[in-house]
Amino acid sequence: MAGNIQITNNIRKLRFFADEMTQQSLAEKAGVSRQTIIAIESGKYNPSLDLAFRIALVFGVKIGEVFDYEITGENK
Amino acid sequence: MCYQEKRTVMNLLNGIVFLAVYCVYAWSKYQSGVIEPGDLKSWALIMLVFIGIGIVATIIMQILFQIFIAISIAIEERTEDEKKINKTIAANMVEDEMDKLIELKSSKVSFIFAGIGFFAGLIALVFNVPEVIVLNCMFLSFAAGSLLEGIYSMYLYRNGVKNGW
């Protein structure tokens with residue numbers, strides 16, 4: 001069985017390449033609060049699949065380009 | 001501090017004042033002997049009145065809070081354009097999936113604490129503790145549970161929350 005899964009994201013980088021899109025702007029386009037975008041960006045909140053797809057849609061990329069995962073801890 | 005955090009802090013302060021006022025009032029009544037300890041009807045009436053006051057106070061505080069937020073946004077944005085202010089307020093007040101998850105997790109804490117208070121009250125009754133003490137313990141456990149809910153909610157907003165954790 002795999003160890004713990006750490007979900008990582010490239011939102012900061014994608015915002016930069018989207019003409020330095022603000023967190024507020026991304027929040028409005030994804031239909032969430034700025035607080036939620038801050039939490040996702042800093043890894044404090046894992047979004048639902050629905051929200052993850054909506055964020056990817058805002059940037060016009062595939063979900064795998066926004067979110068990725070790392071396996072931490074020991075494999076059993 | 002985001003809108004939801006500010007609202008939680010306001011509810012927390014409201015809850016603390018409510019709890020403190022009730023404790024002082026109930027203790028003074030109990031000490032003065034105005035109400036007989038066995039007079040459960042009077043105690044129930046006091047609690048009902050306090051619940052009513054609590055609900056009215058919460059509604060008034062919510063209205064004042066909205067006014068305060070609107071004024072602070074108008075000052076921050078340096079505008080008197082009502083549409084722009086309303087748009088910013090609406091953007092701040094969005095309740096999304098993270099808010100719902102935090103609410104769900106923190107209300108669980110409240111239910112657990114209230115449940116423990118109820119259970120402790122039943123056990124106290126078995127050991128012949130006066131009914132008025134048991135009734136107050138149950139009432140206070142609900143109020144304290146609500147406070148803990150606010151504190152845990154603040155903790156989750158500050159430290160993050162994970163799905164399924």
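Our subject is the structure listed above.
Residues numbered from 1 in each chain as written. Chains lettered and ligands numbered in written order. Predicted model: local features only at pLDDT ≥ 70, side-chain atom pairs only at ≥ 80, totals over all residues. Heavy atoms only, no water.

Caption draft 1: Representation of helix 4 (residues 97-126) of chain B in the model. All names here are of chain B. Taking 1.5 Å of rise per residue, 30 residues should cover 44 Å, and helix 4 covers 44 Å from first to last C-alpha, within 8% of that figure. The N-terminus of helix 4 is capped by D96, whose side-chain oxygen sits 3.2 Å from the backbone nitrogen of M98. Looking one or two places after helix 4, you find N128, whose phi comes out positive at around 60 degrees. (Helix = DSSP H or I, 4+ residues; strand = E, 2+ residues; numbered from the N terminus. Expected span 1.5 Å × (residues − 1). Polar contact = N/O pair within 3.5 Å; in protein donor to acceptor, adjacent residues only side chain to side chain.)

Caption draft 2: Spotlight on the interface of chain A and chain B. Facing 16 residues of chain A, the contacting portion of chain B comprises 16 residues. Taken together, the two surfaces of chain A and chain B that pack against each other cover about 1300 Å², and 46% of this comes from carbon and sulfur. The largest contributions to the chain A side of the interface with chain B come from Q35(A), K44(A) and Y45(A), which together make up 46% of the buried area. Between chain A and chain B we count 0 salt bridges in total. Counting across the chain A and chain B interface gives 6 residue pairs in polar contact (both at pLDDT 80 or more). (Contact = heavy atoms within 4.5 Å. Buried area = accessible area lost by both parts, 1.4 Å probe. Salt bridge = Lys/Arg side-chain N within 4 Å of Asp/Glu carboxyl O.)

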